[in-house]
Amino acid sequence: MMKLNVNGADHSIEADPDTPLLYVLRDDLQMNAAKYGCGLGQCGACTVIVDGEAIFSCITPLMLLEGRKVTTLEGLGTIAKPSPIQQAFMEEQAAQCGYCIAGMMMRAQALLDRNPKPTDDDIRQTLQPHLCRCGTHMRILKAVHRAAELMQSAGKAAPKGAI
Amino acid sequence: MNSPITDVSRRSLLTGTGALIVSFSLAPSASAQAPAAVPDPTANPLTMKVHGSLSVDPYLDSWIKIDASGSVTIFSGKAELGQGISTALLQVAADELGLPMDRLTLVTADTGRTVNEGYTSGSHSMQDSGTAIRIAAAQMRDLLIASAARQLNVPVCELVVSNGTIATKDGTSVAYGALVGTTDLHVQAQPVSNFREQTALKYMNSSVPRLDIPAKVTGGAAYIQDMRLPGMLHARVVRPPSYKAVLKSLDTAAIEKMPGVVKVVRDGRFLAVVAKREFQAIKAMRALAAAAQWSETASLPDQTNLPAFVQASAAKDYKILDQHKESNPGVTRLEARFTRPYQAHGAIGPSCALAQMDKGVVTVWTHTQGVYPDRAAIAGMLRVPPAQVRCIHVPGSGCYGHNGADDAAGDAALIAVAMPGTPIRLQWMREQEHAWEPFGPAMVTEARAALDSTGKIVDWNYSVWSNTHSMRPGGPGALLAAQHMEKSIAPPPPAPLPLPEGGGDRNALPIYAFPNADVMHHFLPDMPVRVSAMRGLGAYMNVFTIESFMDELAHAAKIDPVAFRLAHLDDPRAIDCVKLAADKFGWDKRAKSANGRGTGFAFARYKNLAAYCAIAMEIEIEAETGAIRILRAVAAVDAGQAVNPDGIRNQIEGAILQSASWTLFENVSFDDTRISSIDWSTYPIMRFNSVPMQVDVHVINRPGTPFLGAGEAGQGPTAAVLANAIADATGQRLRELPLTPAKLKGAFRI
Ligand code: FES
Ligand code: FES
C-alpha cells in the first residue's frame with residue numbers, strides 16, 4: 001500500500017511498486033487524460049507534472065512518487081471551469097483525434113509555469129519529446145501562445161497574492 | 001442484452017447534449033433503425049452520387065428519429081475518426097430540420113442501430129452520410145410541415161419552422177414532437193429535395209466548434225482506451241516474431257501462476273494473457289513471449305533493392321487509359337522513375353478493443369472504420385452467424401486508414417469467447433502496432449512525356465506498380481487472430497480496387513488535358529509484407545510522381561511551373577484553386593532560389609472527383625546537415641459546400657504535416673525475416689524541430705454544390721511540393737521517397 005498525491009488529493013494505492021504511474025492513474029484512479037502511446041518514453045502521450053516537472057508517466061514507477069505531487073490534465077480545470085491552457089486549446093480547436101493533446105498540454109503547462117512568456121522557439125524546443133500523428137502541430141503552437149496570453153490577463157486581473 | 005452505461009455517457013459526451021439515449025434491444029426487428037432490406041435497384045431512383053447513402057437505405061427514419069417529446073436522434077453509419085465528422089453531420093441535420101444543434105443527439109456506426117455505410121474512408125463521410133442526412137432532414141421537415149398544415153388547416157406556404165416548432169402567421173403553433181404520432185416518417189426518400197435557402201442556414205458554412213474537443217482537453221472519457229466495463233479484465237496478445245513464424249513449443253504453467261493472471265489463451269499460434277490488472281497483463285505477456293519458442297522463415301524481400309523487387313513481381317496488367325488524338329510532334333522527351341517504400345499509419349494510441357460474450361452474443365467495441373464488415377469478419381472467424389456479433393464504434397486514436405483496429409477487435413473477440421461473461425479490454429503494445437499493422441504498400445512509378453515546340457505536353461505515358469491498397473475485412477482471413485488460430489483462415493486473395501476511385505492507380509490518370517496519354521496499372525498480387533489502405537492510397541505516390549514530373553517538364557519547357565499547370569488544365573474549379581494558392585502565396589513575387597532556399601508548387605484533385613487542393617511552399621535547407629525546414633506552406637482547397645470551413649482547414653493542415661512527415665522521414669524497415677522498425681526510434685516521424693514555421697489554408701466555399709471529401713486531398717500535393725521546392729533550392733531532383741536529409745546532403749554538397 002502506497003500513498004500517492006494526485007491533483008491535491010491523497011490516495012492509497014495497492015499496485016505493485018514497480019507499476020508505472022500511467023497504469024495507476026488510468027486503472028486504479030480511473031483517470032483518462034494520461035494516455036498510453038508507447039510505454040517507452042518516446043511519444044509524450046502519457047505526460048503528467050510531478051513537482052513542477054513534466055515527466056513520462058509510462059516509465060516512472062510508483063515507488064519513486066512517495067511524497068511527491070502529481071498533477072494531471074484533470075487537475076487543471078473542467079469543461080465548466082477550464083484553466084487558461086484548456087480554454088486556449090478549445091479556442092484554437094487544437095485537436096484532430098486529440099490522443100496526443102493531453103500530454104502536450106501538460107508539458108506546455110510546466111513550461112508556462114516557469115516561463116510565462118515563452119518564445120515560439122521555446123515552445124517548439126519544449127514540445128520536442130512529443131509526437132502528434134494527425135499533424136495538429138500548428139494549432140498546438142498557437143494554443144500554447146494563446147494560453148500564455150490568457151494566463152497573463154488572468155494574472156493581471158487577480159491582485160498579487162490572491163489565489 | 002442492454003447497452004452498457006459507458007456507451008450512453010460517451011455518446012452524450014460526444015454530442016455535448018448530455019441527453020440520455022434509451023437502451024436498446026439487439027433484435028433488429030425491434031428497432032425502427034434496423035437497416036431496411038435493400039430495395040429492388042430498378043425501383044430505387046436514388047443514387048449514391050446524388051443521394052449519398054440513402055441509396056443504400058432510403059427510409060427517412062433510418063437516419064433521423066424524432067420522438068414524442070421532440071428529442072431528435074441522428075443515425076450515421078460513419079465513424080468519428082478525429083476528423084470532426086460528428087460535428088459536421090449535426091450541423092447539416094440541424095439546419096435542414098430547423099433545430100438548434102444542441103437538441104440533436106448523434107448515434108454513429110453500430111451494427112445494432114445504424115445503417116450499413118461500409119467503411120468510413122476515402123473522404124466519403126460528408127459525400128455519403130452528410131448528403132443522406134441532409135436529404136432525410138429536409139424531407140422529414142417537409143412531411144412534418146405538411147402534417148401541421150392539415151392539423152392547423154392552413155396552407156403549407158403560410159407555415160414557418162423555427163426551433164422545431166411549426167407556426168402560422170397568427171402565432172398558432174405545433175411542435176415536431178406533437179406531430180410524429182400522426183405523421184408517417186417511415187417512408188422512402190423522394191429523388192428531389194427542398195433544401196433550405198443558403199441564407200437561412202445557421203450552422204452550415206460556419207466554423208462551429210467541434211463538439212468532441214472540450215472532453216478531450218479536460219480529461220473526459222473520449223476514446224475506446226477510456227472505456228471501462230464493470231468487472232473488466234485486461235488482456236495482451238503475444239504475436240509471433242515474424243509473419244511466418246511457427247510455434248514450436250510453449251510451457252504456460254509458470255505464466256499461469258503469475259500474480260493477477262486469470263487465463264492464458266492459446267489457439268494455434270494466437271497467444272494471449274488475461275489478468276486482473278493492466279500491468280500484470282503486461283508482465284505476463286512479456287513472460288509468455290519469452291517462453292514461446294518459434295521457428296522462423298525468411299520471407300521478406302531485399303530491402304536494399306526494394307524497387308527492383310517491386311518491378312520484378314508477377315503482375316496483372318490493366319491498361320487504364322489509352323487515348324490518342326491529333327497533336328503537334330514532340331520535340332523534347334523526358335522520363336523518370338519514382339519509388340516509395342512501405343510506410344506505416346503509426347497511430348499514437350496503439351489499437352484497442354473491448355469485447356464481451358453474453359448469452360451467446362459477442363459485443364465488440366472497436367475503433368474500426370467499418371462496423372459491418374468487421375462484424376462479418378469476426379463472425380466468420382468465430383464461425384457463428386453475424387447476428388451473434390455486434391460491433392459498436394468507439395473513437396480511438398487517429399487511424400489514417402486500415403491499421404490494427406480490426407485486428408485488435410478480432411483479438412478481443414477471440415479472447416472474450418474463451419472467457420464467457422467477462423468483459424475483456426485488449427490493448428496492443430507499441431511494438432505490436434508498429435510490426436503488425438498493415439502498411440501502405442511500396443510502389444514504383446515510371447513517367448515519360450514529350451513536349452512540343454511551344455512547351456505543351458503532347459504525349460504522356462505512365463505506369464504504376466503496386467500491391468492492393470485494401471486488405472480490409474473482407475473475409476475473416478483479413479484478421480490476424482483468424483490467420484493465427486488453430487483452424488487458421490487464410491487472407492482472401494487481393495483484388496485491385498475499381499476505378500474511378502482506384503487503389504494503386506488512384507490519381508494515376510492525369511487531371512491535365514493531354515492529346516495522347518496511356519496509363520498502365522501493374523497490379524501485384526504477391527504481398528510478402530502485410531499491406532492495406534493508408535490515407536490517400538495510391539494517390540499519395542501518383543500525385544507525388546505526376547506533380548514532380550510536371551515540374552521537371554515545366555523546367556525543360558522553361559515555363560513557370562504554375563503557368564505550365566494552368567496551360568494544361570481545363571476544369572475551371574481546378575484553375576481557381578491553383579490560382580488562389582499561387583496568389584495567396586505571392587508566387588509571382590517570390591524570391592529566386594538562393595542559399596538553400598527554394599519554392600515549389602503542386603496540385604491535385606483527390607481521386608479526380610473529390611476535393612481540389614493546391615499547395616505552394618517555401619523551404620530552407622541547412623547546408624551542414626541537409627535538414628529541410630518548411631518556412632511557409634500556403635494551400636487552397638475546394639471541397640464543394642464547406643459545411644465547417646475550420647474543420648476543412650484543420651484536415652488540410654493535418655494532411656500537410658502528416659504527408660511532410662511521410663515524405664521526409666518515413667520508411668518501414670525489415671531484414672529478410674522480421675520487421676525491424678518497431679517503435680518511434682526505429683521508425684522516426686516528424687517532431688517539432690521539423691514542423692513548418694507557418695501553414696495557411698484557404699477554403700473556397702461553393703454553397704449549393706455537393707460536398708466533396710477533403711480528408712485525404714493534401715497527401716499527394718504535399719509530397720510533390722516538397723520535392724519541387726527541394727529541386728528549386730538545390731538543383732537536385734529527388735525521386736525516391738523518403739526525401740531524407742541524408743540523401744539530400746550528398747546531393748546538396750556537389
Ligand atoms: S506513452 Fe509515455 S512516452 Fe509514449
Ligand atoms: S491530434 Fe491526433 S495524434 Fe495529435
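Small disclaimer: the values here were computed from a predicted structure and weren't measured.

## Notes on the domain arrangement of chain A
Often, the extent of an interface is quoted as the loss of accessible area on bringing the components together.
All names here are of chain A.
Stage number 1. Looking at chain A, the domain boundaries give domain 1 (2–72) and domain 2 (84–153).
Stage number 2. Using C-alpha coordinates to define each centre, domain 1 is positioned 21 Å away from domain 2.
Stage number 3. Between domain 1 and domain 2, the contact holds 15 residues from the first and 10 residues from the second.
Stage number 4. In this assembly, domain 1 packs against domain 2 so that about 1,100 Å² is buried in total across both faces, 62% of it on carbon and sulfur atoms.
Stage number 5. Together, C43, T47 and I49 form the three largest contributors to the area buried by domain 1 at its contact with domain 2, with a combined 35%.
Stage number 6. Scanning the region where domain 1 abuts domain 2 turns up zero salt bridges.
Stage number 7. Where the side of domain 1 that touches domain 2 is concerned, the elements lending two or more residues are strand 3 (47–50) and strand 4 (53–56).
Stage number 8. Per-element accounting of the side of domain 1 that touches domain 2 gives the leading share, three residues, to strand 3.
Stage number 9. Its residues placed into classes, the side of domain 1 that touches domain 2 shows eight nonpolar, six polar and one charged.

## Section: the sheet that holds strand 9 (residues 261–267) of chain B
Backbone-to-backbone hydrogen bonds join strands into a sheet, with any given pair of strands oriented parallel or antiparallel.
Residues and elements named next belong to chain B.
Stage number 1. Strand order in the open sheet formed by seven strands is 9-10-7-17-14-15-16, and the pairing between neighbours is mixed. Single-partner strands in this sheet number two, and they are strand 9 and strand 16 (389–393). The average angle at which neighbouring strand axes cross in this sheet is 20°, direction not considered.
Stage number 2. Here strand 14 (residues 352–358) runs beside strand 17 (residues 424–427); their pairing, made up of four bridges, is antiparallel. The residue of strand 17 that forms the bridge with A353 is L426.
Stage number 3. Each of strand 15 (361–366) and strand 16 is contacted by helix 10 (residues 371–382), which is oriented at about 145° to strand 16, the strand it contacts most.

## Some points on the sheet that holds strand 23 (residues 628–638) of chain B
All names here are of chain B.
Stage number 1. Spatially, four strands are ordered 21-22-23-24 in an open sheet, and the strand pairing comes out mixed. Looking at strand neighbours, the two that pair on one side only are strand 21 (597–605) and strand 24 (695–700), the edges of this open sheet. The mean angle between the axes of side-by-side strands here comes to 10°, regardless of whether they run parallel or antiparallel.
Stage number 2. Where strand 23 and strand 24 come together, six bridges link them in parallel fashion. When the bridges of strand 24 are listed, A635 appears paired with V697.

## A closer look at the nonpolar core
Stage number 1. Of all hydrophobic cores here, the largest spans 195 residues; its most connected members are F89 and I140 of chain A together with I415, W460, F601, F603 and I619 of chain B.
Stage number 2. A total of 10 residues in this core trace back to one element, the largest contributor, which is helix 14 (residues 539–557) of chain B.
Stage number 3. Not counting residues within four places of it along the chain, the set of residues in contact with I140 of chain A comprises F89, A94, C100, I101, M104, L127 and C132 of chain A together with F688 of chain B.
Stage number 4. Counting 48 residues, the second largest nonpolar core, distinct from the first, contains V92, I135, V161 and Y203 of chain B.

## With respect to the pattern of salt bridges
Any two side chains of opposite charge can pair, so long as their charged atoms come close to each other.
Stage number 1. Enumeration over the complete set of coordinates arrives at 40 salt bridges over all chains.
Stage number 2. In this structure, D226 of chain B and R26 of chain A form a salt bridge, with 2.8 Å as the shortest nitrogen-oxygen distance. Here R26 of chain A lies in helix 1 (residues 21–28) and D226 of chain B lies in the loop between helix 6 (213–216) and strand 7 (233–238), a pairing that spans two chains.
Stage number 3. Accessibility expressed as a relative area gives 3% for D226 of chain B, which makes it buried.
Stage number 4. A salt bridge links K319 of chain B to D518 of chain B; its shortest N-O distance comes to 3.6 Å. Pair noted here: K319 of chain B is in strand 12 (residues 316–323) and D518 of chain B is in strand 20 (residues 516–523), with a separation of 199 residues, a long-range link.
Stage number 5. Residue D518 of chain B is classed as buried on the basis of its relative accessible area, which comes to 12%.
Stage number 6. Counted as one network, the salt bridges with shared partners bring together E547, D551, E552, R565, R733 and R735 of chain B.

Calculation notes
Residues numbered from 1 in each chain as written. Chains lettered and ligands numbered in written order. Predicted model: local features only at pLDDT ≥ 70, side-chain atom pairs only at ≥ 80, totals over all residues. Heavy atoms only, no water. Domains from an automatic or database assignment. Contact = heavy atoms within 4.5 Å. Buried area = accessible area lost by both parts, 1.4 Å probe. Salt bridge = Lys/Arg side-chain N within 4 Å of Asp/Glu carboxyl O. Helix = DSSP H or I, 4+ residues; strand = E, 2+ residues; numbered from the N terminus. Nonpolar A, V, L, I, M, F, W, Y, C, P; charged D, E, K, R; others polar. Pairing = 2+ DSSP bridges. Axes fitted to C-alpha atoms, helices over the stretch in contact; angles between N-to-C directions. Core = buried A, V, L, I, M, F, W, Y, C linked by side-chain atoms within 4.5 Å. Buried < 20%, exposed > 50% of the residue type's maximum accessible area, 1.4 Å probe, protein only.

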